[in-house]
Number of protein chains: 2
Amino acid sequence: MNQKLINELISAIGSDNVLYEDADLVSYSYDATPDMPSQQPDAVVTPETTEHVIEIAKIADKYNIPIYTRGAGTNLSGGTIPIDKGIVLLMVKMDKIIEVDAENLTATVEPGVIIQDLNDAVSKHGLIYPPDPGTVKTATMGGSVAENSGGLRGLKYGVTKHYIMGLEIVLADGKLVKFGGKTVKNVTAYDFVKLFTGSEGTLGIITKIIVKLIPAPETRKSMLASFKTLDDAGNAVSSIVAGKVIPATLEILDNTTINVVENYVKAGLPTDAEAVLLIEVDGIPEVVEKEAKVVEEVVKNNNGDIQIAQTDAERDKLWAARRAALPALAQVSPTTVLEDATVPRSEITAMLRELKRIAEKYDLRIGTFGHAGDGNLHPTILTDERNEEEMKRVHKAVDEIFEAALKLGGTLTGEHGIGMAKMRYLGWELGEEGLEVMRKVKEALDPKYLLNPGKMVQRSE
Amino acid sequence: MNQKLINELISAIGSDNVLYEDADLVSYSYDATPDMPSQQPDAVVTPETTEHVIEIAKIADKYNIPIYTRGAGTNLSGGTIPIDKGIVLLMVKMDKIIEVDAENLTATVEPGVIIQDLNDAVSKHGLIYPPDPGTVKTATMGGSVAENSGGLRGLKYGVTKHYIMGLEIVLADGKLVKFGGKTVKNVTAYDFVKLFTGSEGTLGIITKIIVKLIPAPETRKSMLASFKTLDDAGNAVSSIVAGKVIPATLEILDNTTINVVENYVKAGLPTDAEAVLLIEVDGIPEVVEKEAKVVEEVVKNNNGDIQIAQTDAERDKLWAARRAALPALAQVSPTTVLEDATVPRSEITAMLRELKRIAEKYDLRIGTFGHAGDGNLHPTILTDERNEEEMKRVHKAVDEIFEAALKLGGTLTGEHGIGMAKMRYLGWELGEEGLEVMRKVKEALDPKYLLNPGKMVQRSE
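Residues numbered from 1 in each chain as written. Chains lettered and ligands numbered in written order. Predicted model: local features only at pLDDT ≥ 70, side-chain atom pairs only at ≥ 80, totals over all residues. Heavy atoms only, no water.

(A) How the structure looks around the environment of Ile59 of chain A. Residue and element names in this part refer to chain A. Tracing the backbone shows Ile59 in helix H3 (residues 50-63). Residue classification places Ile59 among the buried positions, given a relative accessible area of 6%. Separated by 17 residues in the primary sequence, Ile59 and Asp42 place their C-alpha atoms 13 Å from one another. (Helix = DSSP H or I, 4+ residues; strand = E, 2+ residues; numbered from the N terminus. Buried < 20%, exposed > 50% of the residue type's maximum accessible area, 1.4 Å probe, protein only.)

(B) Broad picture of the relation of the copies chain B and chain A. When chain B is brought onto chain A, the operation consists of a screw motion whose angular component is 180 degrees and whose axial shift is 0.0 Å, with 0.0 Å RMSD remaining. Both copies of the chain, as the preceding transformation shows, are related through a two-fold rotation axis. The share of interface residues of chain B whose copies in chain A are also at the interface is 99%, consistent with both copies meeting through the same surface. (Least-squares fit on C-alpha atoms with pLDDT ≥ 70 in both. Contact = heavy atoms within 4.5 Å.)

(C) Structural view of the packing of helix H15 (residues 426-445) of chain A against helix H15 (residues 426-445) of chain B. Where H15 of chain A contacts H15 of chain B, the axes come no closer than 9 Å and their chain directions differ by 145 degrees. Regarding H15 of chain A and H15 of chain B, the two cross each other, and that crossing is right-handed. Each of Val437, Lys440, Val441, Ala444 and Leu445 of chain A in H15 of chain A lies in contact with H15 of chain B, whose residues at this interface are Val437, Lys440, Val441, Ala444 and Leu445 of chain B. Classifying every residue of the contact of H15 of chain A with H15 of chain B gives eight nonpolar, no polar and two charged. (Axes fitted to C-alpha atoms, helices over the stretch in contact; angles between N-to-C directions. Left-handed = near helix turned anticlockwise from the far one by under 90°. Nonpolar A, V, L, I, M, F, W, Y, C, P; charged D, E, K, R; others polar.)

(D) Region of the structure containing unusual backbone geometry. For Ala189 of chain A, which is not glycine, the phi dihedral falls at a positive 75 degrees. Relative to the helices and strands, Ala189 of chain A is located in the loop between strand E9 (176-180) and helix H7 (192-196). In the Ramachandran plot, Lys244 of chain B falls in the positive-phi region, its phi being about 65 degrees despite a non-glycine side chain. Examined against the element boundaries, Lys244 of chain B turns out to sit in the loop between helix H8 (230-242) and strand E13 (249-254).

(E) Region of interest: the domain arrangement of chain A. All names here are of chain A. Taken as a whole, chain A is organised into domain 1 (3-90), domain 2 (97-215), domain 3 (219-408) and domain 4 (422-460). A straight line from the C-alpha centre of domain 2 to that of domain 4 covers 24 Å. At the interface, 11 residues of domain 2 touch eight residues of domain 4. Both sides of the domain 2 and domain 4 interface together cover about 860 Å² of buried area, and 72% of this is carbon and sulfur. (Domains from an automatic or database assignment. Buried area = accessible area lost by both parts, 1.4 Å probe.)

(F) The nonpolar core, seen in detail. Counting residues in each nonpolar core, the largest one holds 192 residues, and the members touching the most others are Leu277 of chain A together with Leu277 of chain B. Setting aside its immediate chain neighbours within four residues, Leu277 of chain A contacts Met223, Leu224, Ala225, Phe227, Ala233, Ala236, Val237, Leu250, Glu251, Ile252 and Ala372 of chain A. (Core = buried A, V, L, I, M, F, W, Y, C linked by side-chain atoms within 4.5 Å.)

(G) Representation of the packing of helix H1 (residues 2-13) of chain A against H3 of chain A in the model. Residue and element names in this part refer to chain A. Viewed as axis vectors pointing N to C, H1 and H3 meet at an angle of 160 degrees, and their least axial separation amounts to 10 Å. Considering their axes alone, H1 and H3 lie roughly antiparallel with respect to each other. Seen along the crossing, H1 lies across H3 with a hand that is right-handed. Every residue of H3 that contacts H1 at Lys4, Leu5, Glu8, Leu9, Ala12 and Ile13 is listed here: His52, Glu55, Ile56, Ile59, Lys62 and Tyr63. Considering only residue class, the contact of H1 with H3 consists of seven nonpolar, one polar and four charged. (Parallel < 35°, antiparallel > 145°, perpendicular 65-115°, else oblique.)

(H) Region of the structure containing the sheet that holds strand E4 (residues 87-90) of chain B. Residue and element names in this part refer to chain B. Strand order across the open sheet formed by four strands is E1-E2-E4-E3, with mixed pairing between neighbours. Strand pairing shows two members of the sheet lacking a second neighbour, strand E1 (18-19) and strand E3 (67-70), which therefore form its edges. Looking at chain direction, E1 and strand E2 (residues 43-45) are connected through two bridges and run antiparallel. Bridge pairing in E2 places Val18 opposite Val45. (Pairing = 2+ DSSP bridges.)

(I) Up close: the pattern of salt bridges. Under the defined criterion, the tally for this structure stands at 72 salt bridges over all chains. Glu389 of chain A is paired through a salt bridge with Arg393 of chain A; the nearest N and O atoms lie 2.7 Å apart. Highlighted residues: Glu389 of chain A and Arg393 of chain A, both in helix H14 (residues 388-407), separated by four residues, approximately one helical turn. For Glu389 of chain A, a relative accessible area of 47% corresponds to the partly exposed category. Glu99 of chain B serves as the salt-bridge partner of Lys182 of chain B, at 2.8 Å between the closest nitrogen and oxygen. Taken together, the positions of Lys182 of chain B in the loop between strand E9 (176-180) and helix H7 (192-196) and Glu99 of chain B in strand E5 (residues 97-101) put the pair 83 residues apart, joining distant regions of the chain. Glu99 of chain B sits in the partly exposed class, given a relative accessible area of 29%. (Salt bridge = Lys/Arg side-chain N within 4 Å of Asp/Glu carboxyl O.)

(J) The packing of aromatic side chains, seen in detail. Scanning the entire structure with this criterion turns up 14 aromatic pairs over all chains. Ring geometry for Tyr190 of chain B versus Phe192 of chain B: centroids 5.9 Å apart, planes at 75 degrees, classification edge-to-face. For the pair shown, Tyr190 of chain B and Phe192 of chain B are each scored as buried. A centroid spacing of 5.0 Å and a plane angle of 75 degrees characterise the contact between Tyr425 of chain B and Trp428 of chain B, whose relative ring orientation is edge-to-face. Taken together, Phe179, Tyr190, Phe192 and Phe196 of chain A form an aromatic cluster joined through their ring pairs. (Phe/Tyr/Trp six-rings, centres within 6.5 Å; stacked < 30°, edge-to-face > 60°.)

(K) Region of interest: the interface of chain B and chain A. The interface is formed by 80 residues belonging to chain B together with 79 residues belonging to chain A. Both faces considered, chain B and chain A share a buried interface measuring about 6500 Å² in area, 64% of it formed by carbon and sulfur atoms. Contact with chain A buries area across many residues of chain B, yet Lys185, Val187 and Tyr190 of chain B alone supply 15% of it, more than any other trio. Linking chain B with chain A are 12 salt bridges.

Here it is as structure tokens:
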């Protein structure tokens, strides 16, 4: 059977595009998510065209074999891991930037394009593609659309879905559909562009993406605010927004993270602060001046100290510190369990307090950083997968983190997706009725559960 | 049967909430769309609570009777017209603004709230709810979510769906589901908030809405630019955006519309201009000054004349003229067929030329106005429903308008929805495969086609 499948794949898309050696199969049996089950696939295929994808889907449909679509594998919810035999569909060879249309402020790309490469291409036109997940230099456009990636600029600029205008999709049965386009307004049909965005490869295979671009901000100003208490930091976050300033970026690092980062990159962070906020405002110079002043005032009113980056080098150092948060935490211990429980902005302080309580209760080291302006926190548990007893406490702590977020009117995931990692919590937020809606839509488009099975939506028993 | 249904409805939601006299049934057998078939419903019900809606859905499900959910009936695609016996579900009594949460920049409302009433409530907090369809003073929030209404500020601020963060929905079988919430980021589950937004009452009944608010712009400046040729006007539109200015509003009126409006409201529009642009930039004073200058320069470079409103009265006069476009055109002839074919911004001039050609070909009077910055035009055919021969030409012209829009990379509807009016064109844009995806999702959630049947999605034969 396996050999028959391999042969059929080779004859459809060429032997250069079908990998089935053990080394290849091992390489694509995991992604960036720790503590996940996995399984080696039958084959890894690298389509070069939409027609290839259609052929692969038809073969998978014929043999009832799962397809795990994959970009760079940087996701953090186990979204690309094979859980059964099947085909890993690696989109990295479909990496053409088809068009940058400066007049309509759009770009059209294949799914294998690296996010940063798109940004480099549009920057020549004075434009940006705002979504910037931490993995912007490695993650693919297709992966970020499938996961609806967030990033550091979500507060002012929104997340991936706010920039996806059109999609070309291969369905589970190999049929090709196109939704949306280059028009700013479009209410033709149900909003399938949004339905497929963030569907984590479970409803269709994305083969082409039309994105919205925006003019690059003329200038920006970065600030570092340090606080003696979590309450002061949390209140400052709310007050900045209440002061009618929507910063491009409004990030928080707690004391644990500050110390680990400072030890790792020596950015000059205040290691005795209970929390720091990293804030960037952008726009035309007059706006930036005005907004920076509001931020400065709010920080002082909330008993904080503020430093304003005076040079590009100082600014880059600040943001390098923020981007180092995850790698810095990751090198402290063998296993890093990173969550993205999200709460309404007004509940940031309450959530930070809950995280502190949970860390103490389960005797765990939790560093928290994240997008304070969005209420999108990343509590990161520093642990060791090999320590069974500790992992039990980790799992209990994670349960309690989600429970706390939901109790505060929050959600299970702000930007990492459900994947495998959060499937068992989904009913807590959606209820049985909501899960049923998920299943009904999944089964309408992929009745045999061939597209990324075991992720996001639980098959009914 | 009818009496049994009426009795059951009365016992479920009270006799005050069930209308079934002929006069009532006639009143709710049409909406703002001309030239549509219709049918009197069995009953018109006015639920006061979500529980009432659940009861009504269960009764409809039991008797296999259609439900036509309706707000103010201002839609322009026949979206609320009963095409079969059944229940008109009139949401106007569920009109509470449940909460304005200034800290999280959200409001929670029932579907019967008038859009303008929400704006009045949030303006006290220095906030706005940006979507502003022409009918902002009469249309309901529920209706505008179901139709994903656009409006005059779409270019900079987006349309309704960009502001919908959470929905409570009663499904066809009476089950209650909630998706989204107050968090800025949320990737839990498929994006059902967006799927139900713009689904025109065909997938579920909206009973609660959480919207995003934004800080009100500090100031604004309105300008009137007149051009001797359509090309100059179209080029100016593209050049403004290429100049990195995204005006809040960028509207166009063609010569026919200018003359009809001027005759109607005496706003001082230049009746000899081939087209005028109405432009508003907003933000902090420094931004407004800077952007207004760019606009002025672009208009002059494209052989246009520009007038800048110097007082609030002058500004209000300009926008009153724009808002008068539809009523002014409507009073010229007994029947006004208003379309909203939409093209990429760069194709505005080409589309205007196509409209002129089509008007000549079918010997019809077409006034065109609309949201030039969005590529969202409103060609408006001035005709008479009683003139059979002319209506044949109208229908042919409409066909050709959509054909032209699609050929230019556009879409059938930018903001009015598919409803009944555009159903037969849907396949032109989506293809057979796309229609099938529509049907599959519809049937997954409403297998008996009880929710607003005959709209948006065509039952397979």
